[in-house]
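# Results of the structural survey
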Amino acid sequence: MNRIFLALALLLIVGFSAVYWQMGGFKAATVTLETTTQPYFVAGRYYAGPANDEAFGDLTREAYNVRKSGKLRGDFGNIFYNSPESTRDSARVFVGVLVADTTSQPLPKGYTYRTFAAGQRVLHARIQASYLVAPGKLYSGITAAAEAQKLALAHVYLERFPDQGEPEVFAVVR
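To keep things clear, this report deals only with the structure shown in the data block. (Residues numbered from 1 in each chain as written. Predicted model: local features only at pLDDT ≥ 70, side-chain atom pairs only at ≥ 80, totals over all residues. Heavy atoms only, no water.)

We now examine the environment of proline 162. Along the chain, proline 162 turns up in the loop between β7 (153-161) and β8 (168-173). Apart from the residues lying within four places of it in its own chain, the contact partners of proline 162 are Asp75 and Pro167. (Helix = DSSP H or I, 4+ residues; strand = E, 2+ residues; numbered from the N terminus. Contact = heavy atoms within 4.5 Å.)

Here we come to unusual backbone geometry. Here lysine 150, not a glycine, exhibits a phi torsion of approximately 55 degrees, which is positive. Assignment of secondary structure puts lysine 150 in the loop between α4 (134-148) and β7. One non-glycine residue with positive phi stands out, namely histidine 155, at about 60 degrees. Structurally, histidine 155 can be placed in strand β7. On the accessibility criterion, histidine 155 (29% relative accessible area) is partly exposed. (Buried < 20%, exposed > 50% of the residue type's maximum accessible area, 1.4 Å probe, protein only.)

The biggest cluster of nonpolar side chains holds 32 residues, and the ones touching the most others in it are Leu72, Val93, Val95, Leu123, Ile142, Leu153 and Tyr157. Discounting chain neighbours no more than four positions away, the residues touching isoleucine 142 are Val31, Leu123, Ala125, Leu153, Val169 and Ala171. Grouped together as the second largest cluster of nonpolar side chains are 10 residues, Val42, Ile79, Phe116 and Val122 included. (Core = buried A, V, L, I, M, F, W, Y, C linked by side-chain atoms within 4.5 Å.)

What follows covers helix α2 (residues 54-68). Here α2 contains 15 residues, and its C-alpha end-to-end distance of 21 Å stays within 8% of the 21 Å for a straight helix at 1.5 Å per residue. All buried positions along α2 are accounted for by Phe56, Leu59, Ala63, Val66 and Arg67. End-on, the buried residues of α2 take up no more than an arc of 100 degrees, which puts them together on one face. Along its buried surface, α2 packs onto β2 (40-49), β3 (75-80) and β4 (91-99). (Expected span 1.5 Å × (residues − 1). Arc of directions from axis to C-beta.)

On to the sheet that holds β2, then. Read across the sheet, 8 strands follow the order β1-β6-β8-β7-β3-β4-β2-β5 without closing on themselves; strand pairing throughout is antiparallel. Each edge of the open sheet is held by one strand with a lone partner, namely β1 (30-35) and β5 (112-116). With direction set aside, neighbouring strand axes in the sheet form an average angle of 30 degrees. Against the sheet, α2 touches β2, β3 and β4, its axis set at about 5 degrees to β4. (Pairing = 2+ DSSP bridges. Axes fitted to C-alpha atoms, helices over the stretch in contact; angles between N-to-C directions.)

Enumeration over the complete set of coordinates arrives at 7 salt bridges. Between glutamate 62 and arginine 45 there is a salt bridge, with the nearest N and O atoms lying 3.1 Å from each other. In this pair, glutamate 62 sits in helix α2 while arginine 45 sits in strand β2, placing the two residues 17 residues apart along the sequence. Two residues, arginine 61 and aspartate 58, come together in a salt bridge whose shortest N-O distance is 2.6 Å. Taken together, the positions of arginine 61 and aspartate 58, both in helix α2 and 3 residues apart, correspond to about one turn of that helix. Within the structure, one salt-bridge network assembled from shared partners comprises Arg67, Lys68 and Asp163. (Salt bridge = Lys/Arg side-chain N within 4 Å of Asp/Glu carboxyl O.)

On to the packing of aromatic side chains, then. The final tally for this structure, using the stated rule, is 6 aromatic pairs. Considering the side-chain rings of tyrosine 46 and tyrosine 81, the 6.2 Å spacing of their centres and the 50 degrees angle between planes classify their relative orientation as tilted. Note that tyrosine 46 is positioned in strand β2 and tyrosine 81 in the loop between β3 and α3 (84-87), a separation of 35 residues in sequence. Its relative accessible area of 37% is what places tyrosine 46 among the partly exposed residues. (Phe/Tyr/Trp six-rings, centres within 6.5 Å; stacked < 30°, edge-to-face > 60°.)

Along the chain, threonine 36 falls in the loop between β1 and β2. For threonine 36, a relative accessible area of 7% puts it in the buried group. Those residues in contact with threonine 36, other than ones at most four positions away along the chain, are Phe116, Ala117, Ala118, Gly119, Gln120, Val122 and Phe170.

Structure, rendered in structure tokens:
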């Protein structure tokens, strides 16, 4: 009986490891120090409150549905205005869709634009992985790069999760 449980446990471990590997969970983020060359426009709504609040989840689902329904063309994205460590308790985030410009498509009701400006020094992290495992890898890569290069972060982050391509995070450097 113990051998059956051991075999089952090993099979589950191998299965979960294979799925995690397939999702890119064993890959590390590539992080470079750059200056943004273009502004990034996010159409969405602002949220301030507990990160685990249902209202935050509702905004995320709404942005996903607005994009999937074709009301806005672009990639899912957010601008966080506080550090990822403090986001566990309280999030200050603009949730929405990264759009190419602010004039080519009408905004859904209740949506506004926020701009992540050009000319900012940022740590740019990207990874070839699923959006399910990417955020943790991207933020840990940014933290490690900031410590290694002795950089202070301004705790403003632009997240971009495209359907095709690498998820990425831009972290503003002071």
